[in-house]
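# What the coordinates show
Below are the chains, spelled out letter by letter.
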Amino acid sequence: MNLLLYGAPGSGKGTQANMLRSHFGIPHIATGDMLRAEIQAGTDLGRQAQPILAAGKYVSDDIMIGIVRHRLGEPDCAPGFIMDGFPRTVPQAEALDGLMTELGKRFDRVIYLQVPVEELLHRLSGRLVCPACQRTYPPVTTACEADGSPLVQREDDKPEAVRPRIEIYLEKTVPVLDHYRGGGLVSEIDGRGTIEDISRQVLAAANVRVVKRQTA
Ligand code: AMP
């Protein structure tokens, strides 16, 4: 099963992707996590990407498409994958269409977590993250509930980067949704309930497609 999680920064994509990964046993491809791993490892790409991430801007389409092309060709993606954070621009979406066709794959569902802008700004400023597993927490928590790591603030969750991230999302990423709407694949889910309630709806959206394909 190939799933695409779509939504703004702070909409809960990472949390739901973790849930889907455990549930279906397929990899979570998060382009933001991949870039942060490159930064951590001090690679050339990491050095190039670091100031871009810190400013809340987008890494170039060519670089991102190259990263995703390489990742989707890896054997663990064969049974399916959960894509998170890509495509973020219309050219990325068009390149992904071509790549999926080349690989003989297609998306079973696009799951859109909808959260109003004011709520996103509130969630992102103050959000803490586990440096080991990338789970996010509100500022009242100090250690990761899964692995006990002390939580840190992502550089791009600092106030000066939060607004640019939302602005670039509105300008470049909102049009990506229209790219997928025509195919009838998009499930819109209100991202403001409890995590459990949203997870139930996300699973239902993913499973609808599985059931349809099995009975077709
Ligand atoms: P995320 O963890 O998905 O919020 O991504 C963190 C940052 O990584 C973004 O603010 C961008 O700077 C960069 N990034 C991640 N995915 C992409 C993408 N598909 N296109 C461009 N930049 C990206």
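Residues numbered from 1 in each chain as written. Predicted model: local features only at pLDDT ≥ 70, side-chain atom pairs only at ≥ 80, totals over all residues. Heavy atoms only, no water.

## A few points about the site of the ligand
Close to the ligand lie 16 residues, the nearest being Thr 31, Arg 36, Lys 57, Gly 85 and Arg 88. Between Gln 92 and the ligand, the recorded distance is 3.0 Å, taken from a side-chain N or O atom to a nitrogen atom. Contact distances for the ligand include 3.2 Å between an oxygen atom and a side-chain N or O atom of Arg 154. Relative to its unbound accessible area of 480 Å², the ligand is 95% covered by the protein chains. Sorting elements by how many residues they give to the shell around the ligand places helix α2 (residues 31-41) first, with four residues. For the shell around the ligand, the per-class residue count stands at six nonpolar, four polar and six charged. (Near = heavy atom within 4 Å. Polar contact = N/O pair within 3.5 Å; in protein donor to acceptor, adjacent residues only side chain to side chain. Areas by Shrake-Rupley, 256 points an atom, 1.4 Å probe, with all protein chains shown as cover. Helix = DSSP H or I, 4+ residues; strand = E, 2+ residues; numbered from the N terminus. Nonpolar A, V, L, I, M, F, W, Y, C, P; charged D, E, K, R; others polar.)

## Some thoughts on the pairing of strand β4 (residues 109-114)
When you tally the buried positions in β4, you get five out of six residues, the bulk of the element. In the sheet, strand β1 (residues 2-7) pairs with β4 via five bridges, with the strands oriented parallel. Looking at β4, one finds that Tyr 6 is bridged to Tyr 112. (Buried < 20%, exposed > 50% of the residue type's maximum accessible area, 1.4 Å probe, protein only. Pairing = 2+ DSSP bridges.)

## Some points on the environment of Gln 153
Turning to its location among the elements, Gln 153 is positioned in the loop between β6 (136-137) and α7 (159-181). Assessed through its relative accessible area of 32%, Gln 153 is described here as partly exposed. Here the alpha-carbon distance between Gln 153 and Leu 128, two residues 25 residues apart in the chain, equals 4.8 Å. Only 3.4 Å separates the side chain of Gln 153 from the backbone oxygen of Asp 157, close enough to count as a polar contact.

In short, geometric facts, not functional conclusions.
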